[in-house]
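Examination of the molecular architecture
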Amino acid sequence: MKERTLAVVSAGLSQPSSTRLLADQLAAATREEADRLGVRLDTRVVELRDHAHDLTNHLLTGFPSEPLGQVIESVAAADALIAVTPIFNASYSGLFKTFFDVLGDAALVDKPVLIGATGGTARHSLALEHALRPMFAYLRAVVVPTSVFAATDDWGAAAAEGPLRNRIRRAAGELAVQVSLREPAVAPDPFALSTSFEDLLSGD
């Protein structure tokens, strides 16, 4: 069985939060689908609220704290990513955006990503397509076709096996397929030279 890693980033602000609940359900479904494809996923969940102060300090100083640095490295080195945010004012939260601002330009290149979001009503669901998907496309990630939005009404007992659950399964299956088809990820080296010493010395 193949061994791969899955990073799960949740930008929920409360504990517990519906954002973390959705992230956990997406991760569980992805592990299940990956297992069917012969892939064992080692999962690491990141609660951004635990790193909020460090993220602000990183923006101001340009240097991450040790805990935040470890989180950034783990996401960059993961074979796949699930990213879930609450929707505020028709877009992702500031905490969510701040994390991806400091993650690094090359950290998500060609990395399979499943995007999810939560909000009070279904009318916020389009934020996934007009805000999150373009951001990850700019970061050159491979975003799976199905995104998952969960409104408050989706968490009722009657909705346990309804449209939300079906969408979670479909998105998880798409992410699992992407992971199964790829070689293990190699984290980008932030200190790697893009130009050789020979070219630098020659002035080309």
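The text that follows walks through the structure, step by step, so that each part is easy to find. (Residues numbered from 1 in each chain as written. Predicted model: local features only at pLDDT ≥ 70, side-chain atom pairs only at ≥ 80, totals over all residues. Heavy atoms only, no water.)

Description of the overall build of the protein chain
When you go through the protein chain residue by residue, the secondary structure sums to seven helices and seven strands. Mapped in sequence order, the helices and strands of the protein chain form the string β-α-β-α-α-β-β-α-β-α-β-β-α-α. Within the span of the protein chain, comprising 204 residues, buried residues form 46% of the whole. Long-range pairs, those at least 24 residues apart, make up 80% of the contacts in the protein chain between residues at least 6 apart in sequence. (Helix = DSSP H or I, 4+ residues; strand = E, 2+ residues; numbered from the N terminus. Buried < 20%, exposed > 50% of the residue type's maximum accessible area, 1.4 Å probe, protein only. Contact = heavy atoms within 4.5 Å.)

Overview of the layout of surface pockets
Here the second largest pocket defines a volume of roughly 170 Å³. Taken together, 15 residues form the lining of the second largest pocket, with Val109, Asp110, Lys111, Ala185 and Val186 sitting closest to its centre. Looking at side-chain class alone, the lining of the second largest pocket contains 10 nonpolar, no polar and five charged residues. (1 Å grid on protein atoms, 1.4 Å probe; cavity = no way out; pocket = protein on both sides within 12 Å on 5 of 7 lines; lining within 4 Å. Points joined across faces, edges and corners; volume = space filled by probe spheres on them. Nonpolar A, V, L, I, M, F, W, Y, C, P; charged D, E, K, R; others polar.)

Things to note about the nonpolar core
Leu81, Phe96, Phe99, Phe100, Leu108 and Phe136 are the most contacted members of the largest nonpolar core, which totals 38 residues. Counting residues per element, the ones that place at least two in this core are strand S1 (2-10), helix H3 (66-77), strand S3 (80-88), helix H4 (94-102), strand S5 (112-119), helix H5 (127-138) and strand S7 (148-151). It is H5 that contributes the most residues to this core, six residues altogether. Apart from the residues within four sequence positions on either side, Phe96 is in contact with Ala11, Leu48, Ala83, Val84, Thr85, Leu132, Met135 and Phe136. (Core = buried A, V, L, I, M, F, W, Y, C linked by side-chain atoms within 4.5 Å.)

Considering the side chain of Ser180
Here Ser180 lies in helix H6 (residues 163-180). Taking the relative accessible area as the measure of exposure, Ser180 reaches 14% and is therefore buried. Setting aside its immediate chain neighbours within four residues, Ser180 contacts Lys2, Leu37 and Val39.

Some details on the pairing of strand S2 (residues 39-47)
Here nine bridges tie S1 to S2, and the two strands are oriented parallel to one another. The residue bridging Lys2 from the neighbouring strand is Val39, located in S2. (Pairing = 2+ DSSP bridges.)

As for unusual backbone geometry
Peptide bonds are mostly trans, and most non-glycine residues show a negative phi. Backbone torsion omega between Gln15 and Pro16 reads -5°, so that peptide bond is classified as cis. By the element assignment, Pro16 lies in the loop between S1 and helix H1 (18-36). One non-glycine residue, Arg140, adopts positive backbone phi at about 65°. By the element assignment, Arg140 lies in the loop between H5 and strand S6 (142-143). According to the relative accessible area criterion, Arg140 is partly exposed, its value standing at 49%.

So yeah, pure geometry; function would need other evidence.
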